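Summary of the model geometry
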Amino acid sequence: MPSAAQGAFRRLFDEIGSVDAVGLEERVAKYGTRSLKKAAKLWGLNRAVTMVDLTTLEGKDTPGKVASLCAKALHPHDEASVPPVAAVCVYPSMVRHARRALGERAPVKVASVATAFPSGQAPLKTRLGEVQAAVDDGADEIDMVINRGAFLAGEFAPVQDEIVAVREACGRCALKVILEVSELETYDNIRAASFLALRVLRTGDFIKTSTGKTGLNATLANNQVMIEAIRDFYLETGRAIGMKPAGGIRSAKQALTFLVAVKETLGDAWLTNARYRFGASSLLNDLLRQIAKEKSGAYQPPYYFSEAAESY
Amino acid sequence: MATAPRVSRNSRRQGRPAPELIFGDLWPYDPAPESADPKLKTRYDLFIDGAFVPAKSGRTFETINPGNEKKLADVALADAADVDRAFQAARRAQESVWSKLPGRERGKYLYRIARLLQDRAREFAVAETLNGGKPIKEARDFDVPMAAAHFFYHAGWADKLAFAFPGASVSPVGVVGQVIPWNFPLLMLAWKIAPALAAGNCVVLKPAETTPLTALKFAEILQEAELPAGVVNIVAGAGETGAAVVSHPLAAKVAFTGSTEVGKIIQRQLAGSGKKLTLELGGKAANVVFDDAPLEQAVEGVVNGIFFNQGHVCCAGSRLLVQETIADALVAKLKLRLRSLRVGDPLDKNTDVGAINSKAQLEKIRELVASGVKEGAELYESPCRLPAKGFYFRPTLFTQVSMSHRIAREEIFGPVLSVLTFRTVEEAVEKANNTAYGLSAGVWTEKGSRILKLAGELKAGVVWANTFNKFDPTSPFGGYKESGFGREGGRQGLADYVNLS
């Protein structure tokens, strides 16, 4: 007889199907061979800018730093044609500072990680309180972490119940559910966790790869597993859930390859920041660098852009 | 896909349209043509005895780009007299130089050829794409590197033949006549020439009539490598030239890759002649997908199996055998995947499916597809736009196919997949083996024991498990039944190019 945990996983895998790691990695390697030129490249770069959740999640964050991050989010570049990013992503204590810096009807949203980010190891009551505080301070979006311990133990009901509880606490805020893929060990588990989350989310919510606080973050392969789960779930139920890879996407080239994967897996309807985001900080400057290069035909001097997200 | 069924029933009850994905024009990729210069000449002569010479008759034929139907070059047309000249040169080289050269010296030439091919990889990839219609990404990432890999691999064997066949004394066969097809012009040339030279044989090779250019460009590499004159001779032409090559009395061995029909003619011709013969012929491979297979990756493998090189692959997985319980889900996913395949200009780096090799082949595909419709199978075509000029065919799949349909029995050699279903393992094996061919097969399941069982029971030269169309110079490739005999690649492939005593 299989253990309870084994049985739970087997039943879930039977329902949603499994993933072959070799075939998956072969598939995503092909996205990297797409060649994006001229208008297609510029469109992709600009679209990627609009999808960035410009993030600072450091113990040393200050209201001043958050304010400069917000300024960067609204006007990423001197070039007026560069659009604002999707959101700034901060800790709950910084939400009100971000809200003040952006103003009320800003084109940039305020996202807050909550639920004892990144570990999630706090009592549910505490976590819900944190969500509530962020919402009260003016957050538009909440990024939560799932209970990986319960998931790996095969206790799926508590995992989903917690997501539902946070979803209720969110009210009208969009919810992004972080699976923390590097702690889920296998692609099968990533697909399983995606489905657990998808089944309790509303249209307009997101699933997200990682906190950015562990060794391995967003990769093309786990992005692919998750967008395929989103696609299968959408075709079955009609509920369109968004996707946010986070951590590890630093170059414009990488971001374009992720967008190619989205275009060829989920189609045009997901090529918008309502359904796809990049959780990143240094990515933005590389996107700007490449946009300037596409427009002028030459790379600008390196000191026109800053590598360090701290110096926004 | 099993998600909460309650939700889906609700959405249907409310009469909402079924959710669909949009693969539209929001973000079109700009044209991204490969810019390397293929360095094509306007005229190519035959390569005989180390030099480019016109045909004795002075006749030439045109070779075109199937992607836009424009002429690429005039090529000298070899007749029996030219073929004879080539065989005489090969015999002289064989007797006076090549068979006397120590293995390690032959190996040096092979290494040199391999490296020169790598040096000029982009140029050869573009030439291969222009002349054959395959997508540049395949020519660049598969054909050319794999051709070089075959020369590297066999260069390593050249001085180790005694170790390849322990206990036997190894000698070359002599002069070999080789005839290759148009689907992988450069790679098939490498599969043929590399083992022949490694084992100490000399060669007369005829490339296909529609794709002679990379073979003749390869002759430039042989000159650059200073390969002794006459060791390799290349004669271009159509069927008549091929017949002259295989029936020439100096050919100690004949190696042919092409259609089963022509293979049978050659075998009849050579019967009783004492010549060695290897044939690599057609196929109608079954890709068998069980209900426990990882569906997404199976779809990818099936697509790769049939649409790779527009389906112009003798081992293409042209019959999909899918377990009944997952047939609908798999076909739905396949149709979705077909919509994001990019069909068009072979030179564009983003093209997934290029041009059909020739007008004749396009007509053959059309004829067989029409027969499928007529016999009652259900047709699905990718909705992609096709270029106005050139030979193109939409990626196509047939459902409701039964074993007696022509599209389930005959080799289509195009981007057309026939989907059949099965219920039990025994039925899968029975259906997979119920064909005149036996070149390759694929099995998709998470169950290791089932893979081993099918690997044993499927009558096919290669059985891929949870993957498809994987090649390596070390791995022998060849067929059962009417897919031919003899192997290419690996030690087994080498054995066909030596006499053992």
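Criteria and thresholds
- Residues numbered from 1 in each chain as written.
- Chains lettered and ligands numbered in written order.
- Predicted model: local features only at pLDDT ≥ 70, side-chain atom pairs only at ≥ 80, totals over all residues.
- Heavy atoms only, no water.
- Helix = DSSP H or I, 4+ residues; strand = E, 2+ residues; numbered from the N terminus.
- Rg over C-alpha atoms; globule rule 2.2 N^0.38 Å.
- Buried < 20%, exposed > 50% of the residue type's maximum accessible area, 1.4 Å probe, protein only.
- Contact = heavy atoms within 4.5 Å.
- Areas by Shrake-Rupley, 256 points an atom, 1.4 Å probe, with all protein chains shown as cover.
- Lys, Arg positive; Asp, Glu negative; His and termini not counted.
- Charge placed at Lys NZ, Arg CZ, Asp CG, Glu CD.
- Salt bridge = Lys/Arg side-chain N within 4 Å of Asp/Glu carboxyl O.
- Axes fitted to C-alpha atoms, helices over the stretch in contact; angles between N-to-C directions.
- Parallel < 35°, antiparallel > 145°, perpendicular 65-115°, else oblique.
- Left-handed = near helix turned anticlockwise from the far one by under 90°.
- Nonpolar A, V, L, I, M, F, W, Y, C, P; charged D, E, K, R; others polar.
- pLDDT = per-residue confidence, 0-100.
- Pairing = 2+ DSSP bridges.
- Phe/Tyr/Trp six-rings, centres within 6.5 Å; stacked < 30°, edge-to-face > 60°.
- Lys NZ or Arg CZ within 6 Å of the ring centre and 35° of its normal.

This paragraph deals with the overall build of chain A. Assigned secondary structure in chain A consists of 12 helices and 8 strands. Against the 2.2 N^0.38 benchmark of 20 Å for 312 residues, chain A shows a C-alpha radius of gyration of 19 Å, consistent with a compact globule. Principal axes of the C-alpha set define a box for chain A whose edges measure 65 × 45 × 35 Å. Counting the 312 residues in chain A, one finds 59% classified as buried. Taking as baseline every contact in chain A between residues at least 6 positions apart, the subset at least 24 positions apart corresponds to 77%. For chain A, the exposed surface amounts to about 11,700 Å²; the carbon and sulfur share of it is 53%. Here chain A carries 39 positive and 35 negative side-chain charges, and the mean point of each set is 5 Å from the other.

Residues and elements named next belong to chain A. With respect to the helices and strands, Q290 occurs in helix 12 (residues 282–296). Under the relative-accessibility criterion, Q290 is labelled buried at 11%. Here the alpha-carbon distance between Q290 and G248, two residues 42 residues apart in the chain, equals 18 Å. Those residues in contact with Q290 that lie beyond four places of it in its chain are K41, L45, A252 and Y299.

Right, let's get into unusual backbone geometry. Working note: non-glycine residues mostly have negative phi, and peptide bonds are mostly trans. The omega torsion across A:F117 and A:P118 is -5°, close enough to zero to call that bond cis. Looking at the secondary structure, you find A:P118 in the loop between strand 3 (109–113) and helix 6 (124–136). Even without being a glycine, A:K38 presents a positive backbone phi close to 45°. Relative to the helices and strands, A:K38 is located in helix 3 (residues 38–50). In this structure A:K38 comes out as exposed when scored by relative accessible area, which is 61%. Look at B:Q400: it is not a glycine, yet its phi comes out positive at around 55°. Position of B:Q400 relative to the elements: it lies in the loop between strand 15 (396–399) and helix 14 (406–409). Under the relative-accessibility criterion, B:Q400 is labelled exposed at 56%.

Residue and element names in this part refer to chain B. Using the criterion set out here, one finds 55 salt bridges over all chains in the structure. Between R92 and D49 there is a salt bridge; the shortest N-O distance is 3.2 Å. Residue R92 is found in helix 2 (residues 80–96), and its partner D49 is found in the loop between strand 2 (46–48) and strand 3 (51–53); the two are separated by 43 residues along the sequence. Of the residues examined, R92 reaches a relative accessible area of 48% and is grouped as partly exposed. What makes D49 partly exposed here is its relative accessible area of 33%. Two residues, K217 and E123, come together in a salt bridge whose shortest N-O distance is 2.6 Å. In this pair, K217 is assigned in helix 8 (residues 213–224) and E123 in helix 4 (residues 121–132), connecting sequence segments 94 residues apart. The exposure class assigned to E123 is buried, which follows from its relative accessible area of 7%.

The next subject is the packing of helix 3 (residues 103–119) of chain B against helix 7 (residues 185–198) of chain B. Residue and element names in this part refer to chain B. One can describe the packing of helix 3 onto helix 7 by two numbers: an axis separation of 10 Å at closest approach and a directional angle of 160°. Comparing the axis directions of helix 3 and helix 7 gives the class roughly antiparallel. Like other packed secondary-structure pairs, helix 3 and helix 7 cross with a definite hand, here left-handed. Contact residues: R106, L110 and L117 in helix 3; L186, A194, L197 and A198 in helix 7. Split into classes, the residues belonging to the contact of helix 3 with helix 7 amount to 6 nonpolar, no polar and 1 charged.

All names here are of chain B. On average, residues of chain B score 95 in pLDDT, and 97% of them reach the 70 mark or higher. Low confidence marks residues 1–13, where pLDDT is under 50. Its contacts with residues over four positions away, or in another chain, come to 21 contacts. The ipTM, which scores confidence in the relative placement of chains, is 0.93 for this predicted complex, and the corresponding pTM is 0.94.

Further remarks concern the pairing of strand 1 (residues 52–55) of chain A. All names here are of chain A. Residues V52 and L54 of strand 1 are buried on one face, and the alternating residues D53 and T55, pointing to the opposite face, are buried as well. Relative to strand 8 (residues 278–280), strand 1 is paired through 3 bridges, and the arrangement is parallel. Pairing of D53 across the sheet is with G279, part of strand 8. Sheet analysis places strand 1 next to strand 2 (residues 87–90), joined by 3 bridges and oriented parallel. Directly across from D53, in strand 2, lies its bridge partner A87.

Next up on the list: the packing of aromatic side chains. Under the defined criterion, the tally for this structure stands at 27 aromatic pairs over all chains. On the numbers, 5.5 Å between centres and 35° between planes, the contact of A:F151 with A:F156 is tilted. Each of the two residues, A:F151 as well as A:F156, counts as buried. Judged by centre distance (6.4 Å) and plane angle (85°), the ring pair of B:Y153 and B:W157 falls under edge-to-face. Of this pair, B:Y153 and B:W157 both sit in helix 5 (residues 136–157), separated by 4 residues, roughly a single helical turn. Here a set of aromatic residues connected by ring pairs shows up, and it is made of B:F142, B:F184, B:W191, B:F308, B:W464, B:F468, B:F471 and B:F477. Of note, B:K41 hangs over the ring of B:F52, and the distance from its end group to the ring centre comes to 4.9 Å. Here the basic side chain of B:R450 rests over the ring of B:F290, its NZ or CZ set 4.3 Å away from the ring centre.

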